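Below are the chains, spelled out letter by letter.
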Amino acid sequence: MLRGSATFLVFWAICLSLVASLQATADFDPRFAASRSLKRVDDEDLLAVSSVNDTTVDALATSGLCRAGYDLVWHDDFESSKSLNDWSYLLYNGCEYGICGWGNNELEYYTNSTRNVRVSNGSLKIIARKASDDDRKTCCPSGTCKKGECEFTSGKVRTFNKFAVRPSWSSGSRTIRIDARIKMPVGQGLWPSFTLLPEDSPEFCLGCGYYGDWPQSGAITLSQKVNKDKEYTGGILYGGVAPDIVASTFSEKISDNLEGFHTYTLEWKPTSMKWKLDGKTVFKAKSGKGNPEKGWFSLSDKSEKNSPFDKPFYLVVGMALGGDQTGASPNQVRKTLKNPQSMEIEHIRVCKG
């Protein structure tokens with residue numbers, strides 16, 4: 001079940017370190033070391049299918065945005081700056097969440113500045129750059145950064161409390177399909193990603209959810225890329241907290257136009273998931289229906305047969321810098337950011353069928 005996942009797992013021990021609860025008295029949360037104690041399951045145990053949605057959002061009567069047989073539930077084509085009204089910002093360096101460095105020794109400080117997050121020319125741009133003197137006046141929670149703080153800035157936005165989705169047979173839909181047209185930059189120390197996290201979570205406990213702390217409540221990566229890798233990775237985390245974390249992940253080579261736009265797809269049914277790159281299926285996963293030997297599950301006391309991926313998840317897009325995931329030093333990141341680097345998202349479409 002764990003295929004080409006070294007990059008992906010460190011990523012979640014990082015990005016999903018957002019998942020950690022705010023702990024004012026603890027500088028380190030053992031959940032962030034989860035990638036060191038992952039259980040493995042064979043790929044053959046993971047079959048795949050599609051997915052369903054159970055949001056209260058009305059299907060939009062917009063033609064051409066979904067494939068035949070699907071209705072549009074939510075979309076963002078980033079045609080104007082008003083698109084950002086559908087998103088909220090993650091800010092600073094993670095200390096407000098009890099995970100300074102976002103739990104992964106990352107180097108970026110997230111801001112809501114248009115220098116880091118903006119919509120222009122038909123796409124959302126997440127821009128990583130060296131912080132200017134003016135940036136450093138606003139990119140730290142105290143208002144004024146201390147020496148060594150906020151050398152690099154970037155952006156991360158999410159639809160938490162604004163939009164979340166899940167499969168549900170009872171909703172009249174059997175499949176949720178998420179398509180995202182994304183261009184991810186290449187460079188040492190860069191880590192762009194598109195992920196989904198549990199909606200049923202306190203604001204400052206990213207990755208927590210109905211079934212408990214990360215990743216008992218599940219975590220999904222639609223796509224992410226690290227450094228100069230020619231592959232992208234994706235998959236799911238579930239099970240329990242460390243040392244009982246299980247990963248079903250993949251790594252897929254991008255054979256052409258590495259730095260160009262590609263369409264990344266997740267098809268999600270109540271009992272299965274399927275990942276696609278430019279229309280080609282690259283990975284599948286399925287529910288264990290209560291049997292940990294057969295697919296995803298949660299060790300929560302509240303667990304049901306398709307837990308934890310039977311609850312709503314919200315969308316997260318952003319670009320991290322450095323940290324344990326990339327293995328890049330501050331000096332390597334400085335060289336990469338000699339010029340600002342941009343992750344671009346042309347559109348995101350969520351359809352039900």
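You'll find the structure just up there.
Small disclaimer: the values here were computed from a predicted structure and weren't measured.

Reading the values: rules and limits
Counting from 1, residues in each chain are numbered in the order their sequence is written. Per-residue local features are limited, in this predicted model, to residues with pLDDT of at least 70; the limit for side-chain atom pairs, both in listing and counting, is 80 or more; totals at the level of whole chains, interfaces and linings are taken over all residues. Working from all heavy atoms in the structure, the side-chain values ignore hydrogens and water. Aromatic rings from Phe, Tyr and Trp, with only the six-membered ring used for Trp, were paired whenever their centres fell within 6.5 Å, and each pair was classed as stacked if the ring planes differed by under 30 degrees, edge-to-face if by over 60, and tilted otherwise. Note on conventions: DSSP H or I runs of at least 4 residues are helices, E runs of at least 2 residues are strands, and numbering of each starts at the N terminus. Relative accessibility thresholds used throughout: buried, under 20% of the residue-type maximum; exposed, over 50%; partly exposed, between the two (1.4 Å probe, protein chains only). The criterion is that NZ of a Lys, or CZ of an Arg, lies within 6 Å of the ring centre and within 35 degrees of the ring normal, and then a charge sits over that ring. One side-chain nitrogen of Lys or Arg within 4 Å of one carboxyl oxygen of Asp or Glu is enough to make a salt bridge. Strand pairing is assigned whenever DSSP identifies at least 2 bridges connecting the two strands. Each nonpolar core is a collection of buried residues, namely Ala, Val, Leu, Ile, Met, Phe, Trp, Tyr and Cys, held together in the definition by side-chain atoms within 4.5 Å. Note that a disulfide, as used here, is simply two cysteine sulfur atoms within 2.5 Å.

1. Some details on the packing of aromatic side chains
Thinking step 1. Evaluated as defined, the whole model comprises 17 aromatic pairs.
Thinking step 2. Plain terms: the ring middles of Trp74 and Trp87 are 5.9 Å apart, the flat faces sit at 70° to each other, and that makes the pair edge-to-face. With a gap of 13 residues between them, Trp74 in strand S1 (residues 71–76) and Trp87 in the loop between S1 and strand S2 (88–89) connect regions that are remote in the sequence.
Thinking step 3. A centroid spacing of 5.7 Å and a plane angle of 85° characterise the contact between Trp268 and Phe313, whose relative ring orientation is edge-to-face. Placement of Trp268 in strand S13 (residues 261–269) and of Phe313 in strand S16 (residues 313–321) is noted, with a sequence separation of 45 residues between them. Take Trp268 and Phe313: they sit in the same class, and that class is buried.
Thinking step 4. Through successive ring pairs, a cluster of aromatic residues spans Tyr238, Trp268, Trp296, Phe297, Phe309 and Phe313.
Thinking step 5. Its guanidinium or amino end placed over the ring of Tyr210, Lys302 lies 3.9 Å from that ring's centre, counting from NZ or CZ.
Thinking step 6. Just above the ring of Tyr210 sits the side chain of Lys311; from NZ or CZ to the centre is 4.3 Å.

2. A short note on the pattern of salt bridges
Thinking step 1. Using the criterion set out here, one finds 11 salt bridges in the structure.
Thinking step 2. In this structure, Asp135 and Arg115 form a salt bridge, with 3.0 Å as the shortest nitrogen-oxygen distance. Here the residue Asp135 occupies a position in the loop between strand S5 (123–130) and strand S6 (152–154), and Arg115 occupies one in the loop between strand S3 (108–110) and strand S4 (117–120), the gap between them amounting to 20 residues.
Thinking step 3. For Asp135, a relative accessible area of 8% translates into the label buried.
Thinking step 4. Judged by its relative accessible area of 30%, Arg115 is partly exposed.
Thinking step 5. Residues Glu267 and Lys276 are paired through a salt bridge, measuring 3.2 Å at the closest nitrogen-oxygen approach.
Thinking step 6. Each of the salt bridges in this network shares a partner with another, and the network as a whole consists of Arg67, Arg177, Asp179, Glu267 and Lys276.

3. Considerations on the pairing of strand S15 (residues 280–286)
Thinking step 1. Where strand S14 (residues 272–277) lies against S15, 6 bridges are found, and the strand directions are antiparallel. Its bridge partner lying in S15, Leu277 is registered against Lys280.
Thinking step 2. Where S14 folds back onto S15 in an antiparallel hairpin, the turn is made up of 2 residues, including Asp278, whose phi is positive at roughly 50°.

4. Some thoughts on the nonpolar core
Thinking step 1. By size, the foremost hydrophobic cluster in this structure holds 54 residues, and its most contacted members are Leu124, Ile178, Phe194, Ile220, Trp275 and Ile348.
Thinking step 2. Broken down by element, this core gets its largest block of residues, 5 residues, from S16.

5. Describing the state of the cysteines
Thinking step 1. Across all of its chains, the model carries 5 disulfides by this definition.
Thinking step 2. Paired by a disulfide, Cys66 and Cys351 hold their sulfur atoms 2.0 Å apart. On the sign convention where negative means left-handed, the S-S torsion of about -85° between Cys66 and Cys351 marks this disulfide as left-handed. Of this pair, Cys66 sits in the loop between helix H1 (6–15) and S1 while Cys351 sits in strand S17 (residues 341–352), and the two are 285 residues apart along the sequence.
Thinking step 3. Its relative accessible area of 1% is what places Cys351 among the buried residues.
Thinking step 4. Between Cys205 and Cys208 runs a disulfide, and the two sulfur atoms are separated by 1.8 Å. In terms of burial, Cys205 and Cys208 fall into one category: buried.
Thinking step 5. Numbered by order of appearance in the sequence, the disulfide-linked cysteines of the protein chain pair as 1-10, 2-3, 4-7, 5-6, 8-9.

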